[in-house]
Amino acid sequence: MFDIWNRNINFTTLILIICVVIILPVQLLLCFKVKNCAIRLLPVIILSVFIGIFAVMALYVHDLRTVGYVLLAVYAGMMLFSCVTGWGIWAITKKIKKW
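All of these numbers come straight from a predicted model, not from anything done at the bench.

**Considerations on the packing of helix H3 (residues 42–60) against helix H4 (residues 65–98)**
Two elements in contact, H3 and H4, have axes whose closest approach is 8 Å; the angle formed by their N-to-C orientations is 160 degrees. As judged from the angle between their axes, H3 and H4 are roughly antiparallel. Considering only the axes of H3 and H4, their crossing is left-handed. Seen from H3, the contacting residues are Pro43, Val44, Leu47, Ser48, Ile51, Phe54, Met57 and Ala58; seen from H4, they are Thr66, Tyr69, Val70, Leu72, Ala73, Ala76, Gly77, Met79, Leu80, Cys83 and Trp87. Considering only residue class, the contact of H3 with H4 consists of 16 nonpolar, three polar and no charged.

Here you go:
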């Protein structure tokens, strides 16, 4: 996808590992254990705000930093997709239990 390295660390691989190891289990834990919908939606809201901030910053900066803000927005989008996957797993299991 993106070939962005800092020394020996590939950022895209690092973000994917964070999504699978940290964000997806936390979102699943929130979906299955927390009753309040606002708390369950907290990671989605936070990541959406980050995407919005990075997108606005990318629009108003007119130098090489624009690329960085766009990449940060894309990485936050990848994390948001991991949260949406957790919501999908929760919805499927709820539907199966009801059936």
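**Some words on the pattern of salt bridges**
Enumeration according to the criterion identifies one salt bridge in this entry. Between Asp63 and Arg65 there is a salt bridge; the shortest N-O distance is 3.3 Å.

**Examining the side chain of Asn10**
By the element assignment, Asn10 lies in strand E2 (residues 9–10). Judged by its relative accessible area of 17%, Asn10 is buried. At a separation of 3.3 Å, a polar atom in the side chain of Asn10 contacts the main-chain amide nitrogen of Thr12.

**Topic: the nonpolar core**
Core analysis: the biggest nonpolar cluster contains 13 residues, and Ile15, Val44, Leu47, Met79, Cys83 and Trp87 have the highest contact counts within it. Broken down by element, the residue count for this core peaks at seven residues, all from H4. Not counting residues up to four positions away in its chain, the partners in contact with Val44 are Gln27, Leu80, Cys83 and Trp87. Membership of the second largest hydrophobic core comes to five residues, among which are Phe54, Ala58, Val61 and Tyr69.

Thresholds applied
Along every chain, residues carry numbers that run from 1 in the direction the sequence is written. This being a predicted model, a pLDDT of at least 70 is required before a residue's local features are given, and a value of 80 or more before pairs of side-chain atoms are given or counted; all residues contribute to the totals for chains, interfaces and linings. Each side-chain value is derived from all of the structure's non-hydrogen atoms; neither hydrogens nor water enter the calculation. Between N-to-C directions, angles cover 0 to 180 degrees, with each direction set by a line fitted to C-alpha atoms, over the stretch in contact for helices. Here a helix means four or more residues in a row that DSSP labels H or I, a strand means two or more in a row labelled E, and each is numbered from the N terminus. An angle below 35 degrees is treated as roughly parallel, one above 145 as roughly antiparallel, one from 65 to 115 as roughly perpendicular, and anything else as oblique. When the near helix sits turned anticlockwise from the far one by under a right angle, the crossing is termed left-handed; a clockwise turn instead gives a right-handed crossing. Only heavy atoms matter for contacts: two residues are in contact if any of them lie within 4.5 Å across the pair. Note that Gly is not counted as nonpolar here; it falls among the polar residues with everything else outside the nonpolar set of Ala, Val, Leu, Ile, Met, Phe, Trp, Tyr, Cys and Pro and the charged set of Asp, Glu, Lys and Arg. When a carboxyl oxygen of Asp or Glu lies within 4 Å of a side-chain nitrogen of Lys or Arg, that pair is called a salt bridge. Type-normalised accessible area, obtained with a 1.4 Å probe on protein chains alone, sets the label of each residue: buried when under 20%, exposed when over 50%, and partly exposed for intermediate values. Polar contact is the term for a pair of N or O atoms within 3.5 Å; when the atoms are in protein, one must be able to donate a hydrogen and the other to accept it, and sequence-neighboring residues count only if both atoms are side-chain atoms. As used here, the term nonpolar core means buried Ala, Val, Leu, Ile, Met, Phe, Trp, Tyr and Cys residues forming a set that is joined through side-chain atoms within 4.5 Å.

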